[in-house]
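Below, each chain spelled out in residue letters.
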Amino acid sequence: MQKPNAYDTITIKPHEDTNSILQLLENVDINDLTYQDEESQDLVELGDEFSFKKEYQQAKFWWEKAAGKGSARAYLRLAYYYRSVEWDYNKSVENFKVAAKAGNVKAQCHVGDLCYASSNYKMAVEWFERAAEAGSRYAQQKLGDIYYKGIGVEKDLKVAAEWYYKHASKQGDKRIRRSNSIRSDQVIYKASKKITSLLIYIIFYSLSDQIYTLAKEVRQGLESQGVKVKMFQIPDTFSKNISSHMNARSKKDIPLVTVNDLKLADGIIWGVPIRFGSMPVQIKAFLDDTSRLWKSKSLAGKFTGMFFSNTNQHDGQETTAFTALANFYRHGMLYVPLILADSGLHDKLEALSGSIYGPRTIENDQNAHEPTREELKIARQHGETFAKVVKTYHWGAYYEKEISSLGAQENNSKVSGHNGRISDTERKVLLSALELGSSNFSFNFNM
Ligand SMILES: Cc1cc2nc3c(=O)[nH]c(=O)nc-3n(C[C@H](O)[C@H](O)[C@H](O)COP(=O)(O)O)c2cc1C
């Protein structure tokens, strides 16, 4: 019979395979327990013998006899027969369904595939679940994919990770079972710990508290992302006379920063009051002192950012930012700008403080030390964004490290016939576990 161009019922796509029934039967577990009785098993095997001799009509005869006795195995063979010898889509699907209902795992996978191809995801999941629970690795992987991508079901990384893990653990591939470090729950736990132990510094110099007020808001934004925050101030170098002349306020509860402290931070945000279009000498002196960290590259790769304060709307933020950037780039630090889309700066009609270089508060004669609500909001938002950037980087670095450690383990384990590469399944177990871990921290990959 001629293979039809399109199948008739519903929206199921035709199988494009031209496999002979022998090839199709190759993957069938001949020891499956879905036959009903010994007699029907004999009949199925008789049919199989004819099939191996490519005498398909005879094969069909005996399989039909076995099917008449309720043998699920026989129904599976008839489904293959109508799919690869005598093209009859309806009969093929009918036989798959009977075999699936009678508990044949292979048939359940086929029915799952058919439902999936016709966008009936709910049914597909039901059939794949039946097969997966009976141990089908194919169905386990399919369920992992379905939940991982959220196709027709609500995306659920935890469920995806569990199915991928089951799929991987059954592989006979002992690598995944043996390696405790890639147990998905442990990956999540370790990665989560890594993220919650990220340490961000806010380092500022502030005489009359304007910068200090903004610093507290940046801190809130950072902490909302689950990172640890330490606040430091840069030691003053003015004499008591000058300080009191400049209305300096003591902030005894905030520790003074030392150059060595910087080594421990995963990110540093600087609070910079503007002095004649540049940073205060105290900050500059401190940054100059960091030159002793060049050789050890202690600051290289760390994220950094700034927030500002000054008196006049158009006076000095850009020049202060420009001249500061060279200090950071010299160390190989990575500057995080104020992301305008996050801050809402570019869609406001009224003039707002801050720029692409960072949030800012403008001194106000009546209310000198109280930034506006919008300024505080932008500062908080910047703290959030900064923490997300640092987390994204460390998450990715952690993931990469796990992947390469898998590769290294593989090379060491000398599993025969393995090329040392990480399998797709291993990647998927890790990826879903890591994404799941990230979602536990309301971490947003789409920022
Ligand atoms: C020496 C000096 C220079 C200043 N230069 C500027 C300036 O160039 N532009 C500006 O808008 N404000 C300038 N200001 C105002 C400060 O930026 C403002 O007082 C500061 O941001 C207050 O922050 P703080 O309370 O955290 O110390 C200057 C202040 C001083 C003391």
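Quick note: structure is the one above.
Below, the structure is looked at part by part. Model, not experiment: these values are computed from the prediction.

### Side note on the packing of helix H4 (residues 72-84) against helix H6 (residues 105-117)
What describes two packed helices is the angle between their axes and the distance between those same axes.
Right, so step 1: Running from N to C, H4 and H6 cross one another at 45°; their axes reach a closest spacing of 10 Å. Relative to H6, the element H4 is oriented oblique. Contact residues: H4 offers Leu76, Tyr80 and Arg83, while H6 offers Lys106, Ala107 and His110.

### Describing the packing of aromatic side chains
Right, so step 1: Enumeration over the complete set of coordinates arrives at twelve aromatic pairs.
Right, so step 2: Judged by centre distance (5.2 Å) and plane angle (85°), the rings of Tyr81 and Tyr82 are edge-to-face. For the pair Tyr81 and Tyr82, one class covers both residues: buried.
Right, so step 3: When the centroid spacing of 5.3 Å and the interplanar angle of 75° are considered together, the rings of Phe303 and Tyr393 count as edge-to-face. Of the two residues, Phe303 is situated in strand E4 (residues 303-310) and Tyr393 in helix H17 (residues 373-413); the sequence distance between them amounts to 90 residues.
Right, so step 4: For Phe303, a relative accessible area of 8% gives the class buried.
Right, so step 5: Residue classification places Tyr393 among the partly exposed positions, given a relative accessible area of 41%.
Right, so step 6: Of note, Lys142 hangs over the ring of Tyr116, and the distance from its end group to the ring centre comes to 4.6 Å.
Right, so step 7: Sitting over the face of the ring of Tyr148, Lys155 holds its NZ or CZ atom 5.3 Å from the ring centroid.

### So, the site of the ligand
Right, so step 1: If you check the shell around the ligand, you find 18 residues, and the closest are Ser206, Ser208, Ile274, Phe276 and Ser309.
Right, so step 2: A distance of 2.8 Å separates an oxygen atom of the ligand from a polar atom in the backbone of Leu207.
Right, so step 3: Contacts to the ligand include Asp209, whose backbone N or O atom sits 3.2 Å from an oxygen atom.
Right, so step 4: Spatially, the ligand is embedded in the largest pocket.
Right, so step 5: When residues of the shell around the ligand are traced back to their parent elements, those giving at least two are helix H12 (210-223) and E4.
Right, so step 6: Its residues placed into classes, the shell around the ligand shows six nonpolar, eight polar and four charged.

### Some details on helix H7 (residues 121-133)
Right, so step 1: With 13 residues, H7 ought to run about 18 Å at 1.5 Å a step, and its terminal C-alpha atoms sit 18 Å apart, in line with that.
Right, so step 2: Buried residues of H7: Ala124, Val125, Trp127, Phe128, Ala131 and Ala132, and no others.
Right, so step 3: Just beyond H7, the residue with positive phi is Gly135, at close to 105°.

### Comments concerning the pattern of salt bridges
Right, so step 1: Here the structure, examined in full by the defined rule, presents eleven salt bridges.
Right, so step 2: The closest approach of N and O atoms between Lys97 and Glu94, which form a salt bridge, is 3.7 Å. Remark: Glu94 and Lys97 occur in helix H5 (residues 89-101); sequence separation between them is three residues, near one turn of the helix.
Right, so step 3: In this structure Glu94 comes out as partly exposed when scored by relative accessible area, which is 41%.
Right, so step 4: Via salt bridges that share partners, Asp209, Arg249 and Lys251 belong to a single interconnected network.

### Description of unusual backbone geometry
Right, so step 1: One non-glycine residue, Ser119, lies in the positive phi region at around 65°.
Right, so step 2: Positive phi is not limited to glycine here, since Phe276 has a value of about 50°.
Right, so step 3: With respect to the element layout, Phe276 can be found in the loop between strand E3 (267-273) and helix H14 (281-289).
Right, so step 4: A relative accessible area of 88% means that Phe276 is categorised as exposed.

### Quick word on the nonpolar core
Here is a general trend for soluble globular proteins: nonpolar side chains tend to be buried in one another's company.
Right, so step 1: One finds Ile203, Leu262, Trp270 and Met306 to be the most contacted residues of the largest nonpolar core, which totals 30 residues.
Right, so step 2: For this core, the secondary structure elements donating two or more residues are strand E1 (199-204), E3, H14, E4 and helix H15 (317-331).
Right, so step 3: With four residues, the single largest contributor to this core is H15.
Right, so step 4: Not counting the four nearest positions on each side in its chain, Trp270 is found in contact with Ile203, Ile234, Leu262, Phe286, Leu287, Thr304, Gly305, Met306, Phe307 and Phe328.
Right, so step 5: Membership of the second largest hydrophobic core comes to 29 residues, among which are Val111, Leu114, Ala139 and Tyr164.

### Comments concerning the environment of Phe286
Right, so step 1: By the element assignment, Phe286 lies in helix H14.
Right, so step 2: Using a relative accessible area of 8% as the deciding quantity, one classes Phe286 as buried.
Right, so step 3: Along the sequence, Phe286 and Val259 sit 27 residues apart, while their C-alpha atoms lie 7.6 Å from each other.
Right, so step 4: Filtering out sequence-adjacent residues up to four positions away, Phe286 remains in contact with Ile234, Val257, Thr258, Val259, Leu262 and Trp270.

### Considerations on the layout of surface pockets
Right, so step 1: Its boundaries defined by the atoms lining it, the largest pocket holds a volume of some 490 Å³.
Right, so step 2: Lining the largest pocket are 21 residues, with Pro273, Ile274, Arg275, Thr311 and Glu363 positioned closest to its centre.
Right, so step 3: Those elements giving two or more residues to the lining of the largest pocket turn out to be H12 and E4.
Right, so step 4: Taken together, the residues that form the lining of the largest pocket break down as six nonpolar, ten polar and five charged.

### Some points on the packing of H7 against helix H8 (residues 137-149)
Right, so step 1: Relative orientation of the contacting elements H7 and H8 amounts to 140°, with a least axis distance of 8 Å. Relative to H8, the element H7 is oriented oblique. In this structure, H7 meets H8 at a crossing whose hand is left-handed. Each of Val125, Phe128, Glu129, Ala131 and Ala132 in H7 lies in contact with H8, whose residues at this interface are Tyr138, Ala139, Gln140, Lys142, Leu143, Ile146 and Tyr147.
Right, so step 2: Grouping the constituent residues of the contact of H7 with H8 by class yields nine nonpolar, one polar and two charged.

Parameters at a glance
Residues numbered from 1 in each chain as written. Predicted model: local features only at pLDDT ≥ 70, side-chain atom pairs only at ≥ 80, totals over all residues. Heavy atoms only, no water. Axes fitted to C-alpha atoms, helices over the stretch in contact; angles between N-to-C directions. Helix = DSSP H or I, 4+ residues; strand = E, 2+ residues; numbered from the N terminus. Parallel < 35°, antiparallel > 145°, perpendicular 65-115°, else oblique. Contact = heavy atoms within 4.5 Å. Phe/Tyr/Trp six-rings, centres within 6.5 Å; stacked < 30°, edge-to-face > 60°. Buried < 20%, exposed > 50% of the residue type's maximum accessible area, 1.4 Å probe, protein only. Lys NZ or Arg CZ within 6 Å of the ring centre and 35° of its normal. Near = heavy atom within 4 Å. Polar contact = N/O pair within 3.5 Å; in protein donor to acceptor, adjacent residues only side chain to side chain. 1 Å grid on protein atoms, 1.4 Å probe; cavity = no way out; pocket = protein on both sides within 12 Å on 5 of 7 lines; lining within 4 Å. Sits in = over half its atoms within 2 Å of the grid points. Nonpolar A, V, L, I, M, F, W, Y, C, P; charged D, E, K, R; others polar. Expected span 1.5 Å × (residues − 1). Salt bridge = Lys/Arg side-chain N within 4 Å of Asp/Glu carboxyl O. Core = buried A, V, L, I, M, F, W, Y, C linked by side-chain atoms within 4.5 Å. Points joined across faces, edges and corners; volume = space filled by probe spheres on them. Left-handed = near helix turned anticlockwise from the far one by under 90°.

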